[in-house]
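# Architecture and fold: a report
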Amino acid sequence: SPGGPPQPQNLTVFIFHPKNNFNISSQDVADLRGDTIFVCGDILLNRTSAIDHHYEWITQWLLEVNPQWGQYQNCNGYPPRCIGADNSRVGHVAPDYIGTPAGGQCIKNP
């Protein structure tokens, strides 16, 4: 309804995670482009310090989300450690901040 909260939206996301660990709460998830950049970037740039979480699997999820995007939180590790302050909304940012400063929550990924 006009002036009311927006309708939930389905969002397909991917996550790179440890084998058999399917808890994605407080974890970074991404669209296909974003997770590809995350995974391939670590491998191609030999960022061995980033490959320290014993991540082995990539899984696809269909989430129902409130499309009122919040602040992106950088959340990694199991258990997760997050940098950011908005725990109630889904954060959004372009992969590796491509398009900065406009690559944030108010635009589609480039």
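Residues numbered from 1 in each chain as written. Predicted model: local features only at pLDDT ≥ 70, side-chain atom pairs only at ≥ 80, totals over all residues. Heavy atoms only, no water.

Glancing now at the overall build of the protein chain. Broken down by element type, the protein chain carries one helix and four strands. Ordered by position from N to C terminus, the α and β elements of the protein chain give β-α-β-β-β. Looking at the protein chain residue by residue over its 110 residues, the buried ones come to 25%. Sequence separation of 24 or more characterises 56% of the internal contacts of the protein chain that already satisfy a separation of 6 or more. Counting only carbon and sulfur atoms, one obtains 55% of the accessible surface of the protein chain, whose full area is about 7,600 Å². (Helix = DSSP H or I, 4+ residues; strand = E, 2+ residues; numbered from the N terminus. Buried < 20%, exposed > 50% of the residue type's maximum accessible area, 1.4 Å probe, protein only. Contact = heavy atoms within 4.5 Å. Areas by Shrake-Rupley, 256 points an atom, 1.4 Å probe, with all protein chains shown as cover.)

You can see threonine 59 is positioned in strand β2 (residues 55-65). Since its relative accessible area comes to 15%, threonine 59 is described here as buried. Only 3.0 Å separates the side chain of threonine 59 from the side chain of histidine 17, close enough to count as a polar contact. Dropping the residues within four chain positions of it, threonine 59 is found in contact with Val13, Phe14, Ile15, His17 and Phe22. (Polar contact = N/O pair within 3.5 Å; in protein donor to acceptor, adjacent residues only side chain to side chain.)

All right, on to the packing of aromatic side chains then. In total, this model carries one aromatic pair according to the counting rule given. Relative to tryptophan 57, the ring of phenylalanine 22 has its centre 5.7 Å away and its plane inclined at 45°; by these criteria the two rings are tilted. Within this pair, whereas phenylalanine 22 is found in the loop between β1 (9-18) and α1 (32-44), its partner tryptophan 57 is found in strand β2, the two being separated by 35 residues in sequence. Judged by relative accessible area, tryptophan 57 falls into the partly exposed class, the value being 28%. (Phe/Tyr/Trp six-rings, centres within 6.5 Å; stacked < 30°, edge-to-face > 60°.)

Among the secondary structure elements, proline 6 is positioned in the segment before β1. Between the alpha carbons of proline 6 and asparagine 66 there is a distance of 7.1 Å; along the sequence they are 60 residues apart. Sequence-distant contacts of proline 6, that is, excluding residues within four places in its chain, are made with Asn66, Pro67 and Gln68.

Moving on: the state of the cysteines. Two cysteines whose sulfur atoms are joined by a covalent bond form what is called a disulfide. Evaluation of the coordinates by the stated rule reveals one disulfide. With a sulfur-sulfur separation of 2.1 Å, cysteine 75 is cross-linked through a disulfide to cysteine 82. Taking the torsion about the S-S bond as the criterion, the cysteine 75 to cysteine 82 disulfide, at about 120°, is right-handed. (Disulfide = S-S within 2.5 Å.)

In this structure, proline 79 follows tyrosine 78 across a cis peptide bond, with omega equal to 5°. By the secondary structure assignment, proline 79 is in the loop between β3 (74-76) and β4 (81-83). One non-glycine residue, asparagine 20, adopts positive backbone phi at about 65°. The topology assignment puts asparagine 20 in the loop between β1 and α1. Residue serine 26 is not a glycine yet carries a positive backbone phi of 55°.

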